[in-house]
Amino acid sequence: RGRGSLSVVVRSYGEGRKLILTVDVTERERADSMRRDFVANVSHEIRTPLTVLAGFIETMDSLPLTEVERRRVLSLMQQQTQRMQTLVADLLTLAQLEGSPRPTSDRWVSLDGLLQRIRSDALALSHGRHRVTVVADTLAELAGVEGELLSGIGNLVSNAVRYTPEGGGIDVHWRLLADGSGELCVADTGPGIAREHLPRLTERFYRVDGSRSRESGGTGLGLSIVKHVAQRHGGALLIESEVGKGSRFKLQFPAARVRAATAEPVSAEH
Ligand code: ADP
């Protein structure tokens, strides 16, 4: 039975002699069951927009629609198509991240460059509905893969924008810690997340509020992607949150992957 073991623990409690069976399944069985859950989740996530699209196609085919109605239906169809495109893009990103444990093409990436991109993405997503601040205490460079880092930080900022109501604040802050490691914190003044959900947030398709996540364009894969990016860069993702106050997502990078940014050497022609 694979490398694991199968054990059955039988316990009896109290007068009623209730029996509880705890089955410790093998590693392989656990992996199989996770894969089945994942396939079921993906199928469900794809089937829902497909069902909606099929309904709209039927409506367009069978009902005479006014021009206004036709435009409305097309725009709803576009939303569902977009939802599937985002899901497939996230699935591909996740498959790539899970395919190899370590990035193979590490480079020194300018944090300043990353933060400028993140800032303009945040402003574009927010449409002026939030206060957005991006602050770096030090000029630094991170050893890693730029695209992965952008995707990791971008997912945190996109969550902050999507879950924080209008008028709220989103703060992105880079700082160096005393031991030379670095921390990028994405903080928001959104609804916060109850403590019992925190350990499961990075599971694929885990959502605190499924309908709010889907309505806001979420795939349920974002934090799973962020966790992989952190781990592949030798770091970790820390989540702190308080209901009614907001959340802080901290991406931590070890000292070996952080260095002070140096000015480009001036090349002089002689
Ligand atoms: P999703 O695509 O649903 O946002 P994620 O993996 O990015 O998926 O996040 C998982 C869940 O964590 C979300 O569905 C949401 O319930 C919760 N969450 C993530 N970020 C925030 C945040 N900044 N504020 C409140 N809840 C959040």
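You'll find the structure just up there.
We now turn to the structure provided with this report. Keep in mind it's a predicted model, so treat the numbers as computed, not measured.

Criteria and cut-off values
- Within any chain, residue numbers begin from 1 and follow the written order of that chain's sequence.
- In keeping with the predicted nature of the model, local features appear solely for residues at pLDDT of at least 70, side-chain atom pairs appear and are counted solely at 80 or more, and the whole-chain, interface and lining totals rest on all residues.
- Each side-chain value is worked out from all heavy atoms of the structure, with water and hydrogens disregarded.
- For helices the rule is a DSSP run of H or I covering at least 4 residues; for strands it is a run of E covering at least 2, with both sets numbered from the N terminus onward.
- Partly exposed describes any residue whose relative accessible area lies between the buried limit of under 20% and the exposed limit of over 50%, with all areas from a 1.4 Å probe on protein chains only and scaled to the type maximum.
- Any pair of residues with heavy atoms lying within 4.5 Å of one another is described as a contacting pair.
- What sets the accessible areas is the Shrake-Rupley method with a 1.4 Å probe; for residues, cover comes only from the shown protein chains.
- Under the convention used throughout, the expected extent of a helix is 1.5 Å for every residue step, that is, one less than its residue count.
- The definition of a nonpolar core used throughout is a set of buried Ala, Val, Leu, Ile, Met, Phe, Trp, Tyr and Cys residues joined through side-chain atoms within 4.5 Å.

What follows deals with the overall build of the chain. Summing up its helical and strand segments, the chain has six helices and ten strands in all. Looking at the chain as a whole, 35% of its 270 residues qualify as buried. Excluding contacts between residues fewer than 6 apart, the proportion of contacts in the chain whose partners are at least 24 apart in sequence is 67%. Total accessible area on the chain is roughly 16700 Å²; 53% of this is exposed by carbon and sulfur atoms.

Our focus in this paragraph is the environment of G218. Within the secondary structure, G218 sits in the loop between α5 (210-215) and α6 (222-232). Judged by relative accessible area, which is 9%, G218 ranks as buried. Separated by 85 residues in sequence, G218 and T133 have C-alpha atoms that sit 23 Å apart. For G218, the residues in contact, after removing those within four places along its chain, are R162, R207 and S213.

In a regular helix each residue adds 1.5 Å, so 18 residues correspond to 26 Å; helix α4 (residues 146-163) covers 26 Å between its end C-alpha atoms and thus fits that length. Among the residues of α4, E148, L149, L150, G152, I153, N155, L156, V157, S158, N159, A160 and V161 are the ones counted as buried.

The biggest cluster of nonpolar side chains holds 33 residues, and the ones touching the most others in it are L114, L142, L156, V157, W174, L237 and L251. Looking at this core element by element, the count peaks at seven residues for α4. If you look at the next biggest cluster of nonpolar residues, it comprises ten residues, including F38, L97, I225 and V229.

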